[in-house]
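Remarks on the overall topology
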Amino acid sequence: MISRRSFLSLAGASALAFPATAWARQAPRSAVNAARLRNRLERLSTHGRPPGGTFADGVTRVAYSVADLTARAFMIDEIKSADIVPRIDAAGNIFARYGGQPDQPAILFGSHIDSVPGGGNFDGDLGTFAALEVIQAVQAAKIQTRHPLEMVLWAHEESTAFGIGTAASRIVAGDLKAGDMDRVWNGMTRGNAIRRIAGNPDQIETAVRGKGAWHSYLELHIEQGGTLDRAGTPIGIVEGIVGIHRYDVVIEGMANHAGTTPMGERQDALVAASALTLAVRDLARARQGQQVGTVGRLSVEPNSPNVIPGRAMLSVEFRDLSEAVLRELGEALRARAAAIAGETRTAITLELATTNPPAPAHSGVQEAIGQAAQAIGLPSRKLPSGAGHDAQMIAALCPMGMIFVPSVGGISHSPRELTSWDDCARGANTLLGAVLAIDGRGSV
Ligand SMILES: [Zn+2]
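So, how was this worked out
Residues numbered from 1 in each chain as written. Predicted model: local features only at pLDDT ≥ 70, side-chain atom pairs only at ≥ 80, totals over all residues. Helix = DSSP H or I, 4+ residues; strand = E, 2+ residues; numbered from the N terminus. Rg over C-alpha atoms; globule rule 2.2 N^0.38 Å. Buried ≥ 20, exposed ≤ 12 C-beta atoms within 10 Å, placed from the backbone. Contact = placed C-beta atoms within 7 Å. Arc of directions from axis to C-beta. Core = buried A, V, L, I, M, F, W, Y, C linked by C-beta atoms within 7 Å. pLDDT = per-residue confidence, 0-100. Axes fitted to C-alpha atoms, helices over the stretch in contact; angles between N-to-C directions. Parallel < 35°, antiparallel > 145°, perpendicular 65-115°, else oblique. Left-handed = near helix turned anticlockwise from the far one by under 90°. Nonpolar A, V, L, I, M, F, W, Y, C, P; charged D, E, K, R; others polar. Domains from an automatic or database assignment. Pairing = 2+ DSSP bridges.

Before going further, it helps to spend a moment on the overall build of the chain. Scanning the chain from N- to C-terminus turns up twelve helices and 17 strands. Its C-alpha atoms give the chain a radius of gyration of 24 Å, within 12% of the compact-globule value 22 Å for 444 residues. Overall, the chain is about 85 × 55 × 50 Å in size when its C-alpha atoms are taken along their principal axes. For the chain, the residues scored as buried account for 47% of the 444 residues in total. Put simply, 79% of the contacts in the chain that link residues at least 6 apart link residues at least 24 apart.

Now the structure itself:
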């Protein structure tokens, strides 16, 4: 296998992964400037790069950090260089609008440029800079769209800062509570953090947008999983962003002497927890579909080698695109827990602690993405998103769709995160085609 560094230095190496004849059967009537997109992503990668590092060393560009501030300034300069006017809302999101009829709602597209600590150069970055490319491609081709085209840089997507993910699009979607701006992280309040990026926490409610604020929303993003890479498919059409049902489970057994208590008389909470963990795996595997189930946290009391565990606490989460499937998995889990409690002579309580509803992608937007990919000769396949995205929030306001491009090896949230430059351009051109298809149809 080719090393990552040499892979990066070989322009166009990724094209080898696909039969060249299958591509570009039909010339698009307009296309993004792939070289400029690459150049911008390379320049962006210097904001938050480890000292002495290279592109391959990734970035640490946590929201509201100095690297985030300078990267945002870079983006604003690039927007201005395209002769469009950036606007920053009260939450710090950067918008820029081009063309269209003034009485029509805008088609919105974009992503984020904040990263996790030790993150990669593609998560969010690609979708944000591809959005600017789409506008510039439309300008260059002198296409008059019916709807204004609006790009967005969502200010705070990763959950590193303040422990909240998709935080800035969440505000836009109206999820805003009293005291939100007073939360403290890293020695600063959220209000002051938002002030740092030129937002306005005193008028934060002005960032909230209503249903129908936009005609539709599209986001290009790296897959962050390995489905497209394994299948050798360049374009993923996201069917929706999975919902999450998370349970807190407490198992009460009886702590007792590990030497003197016969096996038949034990009420071992950890044995029950182990059986339940396997049950979660089996339930998620037992049905058709792409649902997943995970026990990610387990603690045992008294946690001593010579004591039978008297108490165990664990988390269970199920993820799927269907709320009904999530409910059925929860019911099946309760039934299994009751049986395990009986077998192990323990008491098991399950509490549904948090639920994130699934956000289905709009069928019309999915169709436009499929058509756009086909028009430039790119195979595509449908898939769910197992990770959260800003699109999940904006789905509450208007029809939403997402385009995925392959992550090499399915790696993300790591400096080793990689999407070939060809796939970046393919994704950006598919975004361009989908935006124009949606605009041409008038409706989704
Ligand atoms: Zn992202």
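Attention now moves to helix H2 (residues 34–44). Within H2 the residues assigned to the buried category are Leu37, Arg40, Leu41 and Leu44. Along the axis of H2, the buried residues cluster in a sector spanning 100°; they form a single face. Those residues of H2 that are exposed and aimed more than 90 degrees away from the buried face are Ala35 and Asn39. Against the buried residues of H2 lie helix H3 (66–81), helix H4 (125–140) and helix H12 (421–441).

One finds Phe109, Ala130, Val134, Ala428, Leu431 and Val435 to be the most contacted residues of the largest nonpolar core, which totals 92 residues. Other than its neighbours up to four places away in sequence, Ala130 contacts Val32, Leu37, Leu220, Gly427, Ala428 and Leu431. Within the second largest apolar cluster, 23 residues are counted, among which are Leu283, Val325, Leu326 and Leu333.

Across the chain, pLDDT averages 93, with 93% of residues at or above 70. Low pLDDT, under 50, characterises residues 1–28; the stretch is placed with 31 contacts to residues that sit more than four places away or in other chains.

Turning our attention to the packing of H2 against H12. Viewed as axis vectors pointing N to C, H2 and H12 meet at an angle of 115°, and their least axial separation amounts to 10 Å. Taken together, the axes of H2 and H12 lie roughly perpendicular to each other. Our pair here, H2 against H12, has a crossing hand that is right-handed. From H2, Ala34, Leu37 and Arg38 reach across to H12, where they touch Trp421, Cys424, Ala425 and Ala428. Residue classes in the contact of H2 with H12 are distributed as six nonpolar, no polar and one charged.

Before going further, it helps to spend a moment on the domain arrangement of the chain. Per the domain assignment, the segments of the chain are domain 1 (4–241 + 358–441) and domain 2 (243–356). Computed over C-alpha atoms, the centres of domain 1 and domain 2 are 38 Å apart. Contacts between the two partners involve six residues from domain 1, matched on the other side by seven residues from domain 2. For the side of domain 1 that touches domain 2, the class distribution of residues is three nonpolar, two polar and one charged.

Burial runs high along strand S8 (residues 235–241): six of the seven residues are buried. The pairing of S8 with strand S16 (residues 380–385) spans six bridges and is parallel. Opposite Gly236, over in S16, you have Arg381 as the bridge partner. Both S8 and strand S17 (residues 400–405) contribute to a ladder of two bridges, which runs antiparallel. Counterpart to Ile237 in the pairing with S17 is Ile403. Across two bridges, S8 lies against strand S15 (residues 359–360) in antiparallel orientation. Looking at the pairing, Gly240 lines up with Pro360 of S15.

In this section: unusual backbone geometry. Going from Glu301 to Pro302, the amide bond is cis rather than trans, its omega being 0°. Note on placement: Pro302 falls in the loop between strand S11 (292–301) and strand S12 (307–308). Unusually for a residue other than glycine, Phe162 sits at a positive phi of about 60°. Tracing the chain through its elements places Phe162 in the loop between strand S4 (149–154) and helix H5 (167–172). Not every positive phi belongs to a glycine, and Gln224 is a case in point at roughly 70°. By secondary structure assignment, the location of Gln224 is in the loop between strand S7 (216–222) and helix H7 (227–231). By C-beta crowding, Gln224 is classed as buried, having 20 other C-beta atoms within 10 Å.

One open sheet holds the four strands; their spatial order is S11-S13-S9-S14, and the pairing between them is antiparallel. Across the chains shown, the open sheet's two edge strands, defined by having one partner strand only, are S11 and strand S14 (347–356). Taken over all neighbouring pairs, the strand axes of this sheet differ in orientation by 15° on average, direction set aside. In this sheet, S14 lies alongside strand S9 (residues 243–252) in antiparallel orientation, the contact comprising nine bridges. Note on S14: the bridge partner recorded for Val249 is Leu350. In the packing of helix H8 (residues 269–285) onto the sheet, contacts are made with S9, S11, strand S13 (311–320) and S14, and the angle to S11 comes to roughly 175°. Packed onto the sheet, helix H9 (residues 323–344) meets S9, S11, S13 and S14 and runs at close to 165° relative to S14.

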